[in-house]
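Okay, here's what each chain looks like letter by letter:
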Amino acid sequence: MTKLKKTSRTKVADEVLNAGSGQTIMQPNVNDNKVKTISDIREQTHGERTVQVDDEQRIRRAFVDKDWNEIKIADSWQIFKVMAEFVEGFEKMSKIGPCVSIFGSARTKADNPYYKMAEEIAAKLVRHGYGVITGGGPGIMEAGNKGAHSEGGRSVGLNIELPFEQFNNIYIDPDKIINFDYFFVRKVMFVKYAQGFIGMPGGFGTLDELFEAITLIQTKKIGRFPIVLVGTKYWQGMFDWIQQVMLEDEHNISPEDMNLVQLVDDAESAVKIIDDFYSKYLLSPNF
């Protein structure tokens, strides 16, 4: 509890309301019930480790008062972890040669037509001289690595540990599996070492990776590499909205930005766009 700081007005009010009482007016401190340490959080949640409790603890941590030493220690170690992931990624990815990143859902089953199409695209890319980079997990990622592996091509997996479905698939080259804790480091590897991007139907993670590539190309932070989205039925609604709302109604992008992405419905067309792009520069894969 802390004493109320009194102005001349509050002193007059006190004298009227408490004349002769001899009492000091006290006001609760808004921080009295505020957790101060991580141990306080664990005590309040009885040490439970459910997903719901983990979420609650993450929210509560934002309001924990840390001293400078705690901040310095925690942030310093996090910096080293980030650096270590970058170093490992750069070392393993620097010699993989021309590759295409394939994005897509981890939840797509092996009997899904998009799974089979991703596998076919990856196999065709390898036959045309490209390696394949995926997120290393199941679903579309597994299909991409499987197609590359079946043709003896370079099959790279940038795996990240998630609480639900993510685990690395068996079709990644053993020396090209990289495990990440940080999504942003992983996305750097997707973009930095790819000469093209193919997006299969997916969820929020796929959209995150897709728009990372689009943004970097639009802002000229990387070269204008080809971006191909497979599945017109899946993607068309989103791009109709981009055209009508972002471009025509709100003018938040330029008309030429609509040309950064091409939509197709079959494996042959997807690979042809990649090949045609590089044939304009008289370039071809070198392995």
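Looking at an unreviewed UniProt entry, the protein chain carries the name Cytokinin riboside 5'-monophosphate phosphoribohydrolase, with the source organism given as Hymenobacter yonginensis. UniProt, in its Catalytic activity (unreviewed entry) section for the protein chain, records the words "AMP + H2O = D-ribose 5-phosphate + adenine".

Student: How should I be thinking about unusual backbone geometry in this particular structure?
Tutor: With the exception of glycine, most residues fall at negative phi, and the peptide bonds are largely trans. Positioned with a positive phi, K220 is a non-glycine residue whose angle comes to about 60°. Residue position: K220 is located in the loop between α8 (204-218) and β8 (227-230). Residue class for K220 comes out exposed when judged on its relative accessible area of 72%. A positive phi angle, close to 55°, is found at H251, a residue other than glycine. Within the element layout of this structure, H251 appears in the loop between α9 (232-249) and β9 (261-264). Relative accessible area serves as the criterion here: at 61%, H251 is assigned to the exposed category.

Student: Please clarify how the nonpolar core should be interpreted in this entry.
Tutor: Soluble globular proteins: nonpolar side chains tend toward being buried together. If you look at the biggest cluster of nonpolar residues, it comprises 32 residues, and the most contacted ones within it are M93, I133, L158 and I227. Of all the secondary structure elements, the ones that give two or more residues to this core are α4 (68-93), β3 (99-103), β5 (155-160), β6 (177-180), α7 (183-192), α8, β8 and α9. If we ignore the near neighbours within four places in the chain, the residues touching M93 are I133, V156, L158, I178, M189 and Y193. Counting residues in hydrophobic clusters, the runner-up holds 26 residues, among them V100, A143, M200 and A267.

Student: Please clarify how the packing of aromatic side chains should be interpreted in this entry.
Tutor: Geometrically, a pair of aromatic rings is defined through the distance of the ring centres and the angle of the planes. All chains considered together, the criterion is met by ten aromatic pairs. Relative to F80, the ring of W77 lies with its centre 6.0 Å away and its plane at 65°, an arrangement referred to as edge-to-face. Residue W77 and its partner F80 are located together in helix α4, separated by three residues, close to a single helical turn. By relative accessible area, W77 is classed as exposed at 61%. Taking the centre distance of 5.8 Å and the plane angle of 40° together, the rings of F86 and F90 count as tilted. Of the two residues, F86 and F90 are both situated in helix α4; the distance of four residues between them amounts to about one turn of the helix. The exposure class assigned to F90 is partly exposed, which follows from its relative accessible area of 33%. Taken together, the ring pairs connect F86, F90, Y182, F184 and Y193 into an aromatic cluster. Between the NZ or CZ atom of K192 and the centre of the ring of F90, over which it lies, the distance is 5.5 Å.

Student: For this particular structure, what's the right way to read the pattern of salt bridges?
Tutor: Opposite charge on two side chains makes pairing possible when the charged atoms of those side chains draw close. All told, the structure shown has nine salt bridges when counted by the stated rule. Taking the shortest distance from any N to any O, the salt bridge between E88 and K92 comes out at 3.4 Å. One end of the pair, E88, and the other, K92, are both in helix α4, four residues apart, so they sit about a helical turn from each other. Classification of E88 by relative accessible area gives partly exposed; the value is 29%. Looking at K92, the relative accessible area reads 32%, which means it is partly exposed. Two residues, E151 and R127, come together in a salt bridge whose shortest N-O distance is 3.1 Å. One end of the pair, E151, is in the loop between α6 (140-150) and β5; the other, R127, is in helix α5 (residues 113-127), and 24 residues separate them in sequence. Judged by its relative accessible area of 48%, R127 falls in the partly exposed class.

Student: Explanation requested: the sheet that holds strand β4 (residues 131-134) in the structure shown.
Tutor: Strand pairing in a sheet relies on backbone hydrogen bonds. The paired strands run either parallel or antiparallel. With parallel pairing, the seven strands of this open sheet are ordered in space as β6-β5-β4-β3-β7-β8-β9. Of all strands in the sheet, those with a lone pairing partner are β6 and β9, marking the two edges. The average angle at which neighbouring strand axes cross in this sheet is 20°, direction not considered. By the bridge criterion, three bridges tie strand β7 (residues 197-199) to β8 in an arrangement that is parallel. Residue pairing in the sheet places F197 in a bridge with I227 of β8. This element, α7, spans β3, β4, β5, β6 and β7 of the sheet and lies at about 165° to β5.

Reading the values: the criteria
- Residues numbered from 1 in each chain as written.
- Predicted model: local features only at pLDDT ≥ 70, side-chain atom pairs only at ≥ 80, totals over all residues.
- Heavy atoms only, no water.
- UniProt positions renumbered as here; feature names shortened; annotations may be inferred.
- Helix = DSSP H or I, 4+ residues; strand = E, 2+ residues; numbered from the N terminus.
- Buried < 20%, exposed > 50% of the residue type's maximum accessible area, 1.4 Å probe, protein only.
- Core = buried A, V, L, I, M, F, W, Y, C linked by side-chain atoms within 4.5 Å.
- Contact = heavy atoms within 4.5 Å.
- Phe/Tyr/Trp six-rings, centres within 6.5 Å; stacked < 30°, edge-to-face > 60°.
- Lys NZ or Arg CZ within 6 Å of the ring centre and 35° of its normal.
- Salt bridge = Lys/Arg side-chain N within 4 Å of Asp/Glu carboxyl O.
- Pairing = 2+ DSSP bridges.
- Axes fitted to C-alpha atoms, helices over the stretch in contact; angles between N-to-C directions.

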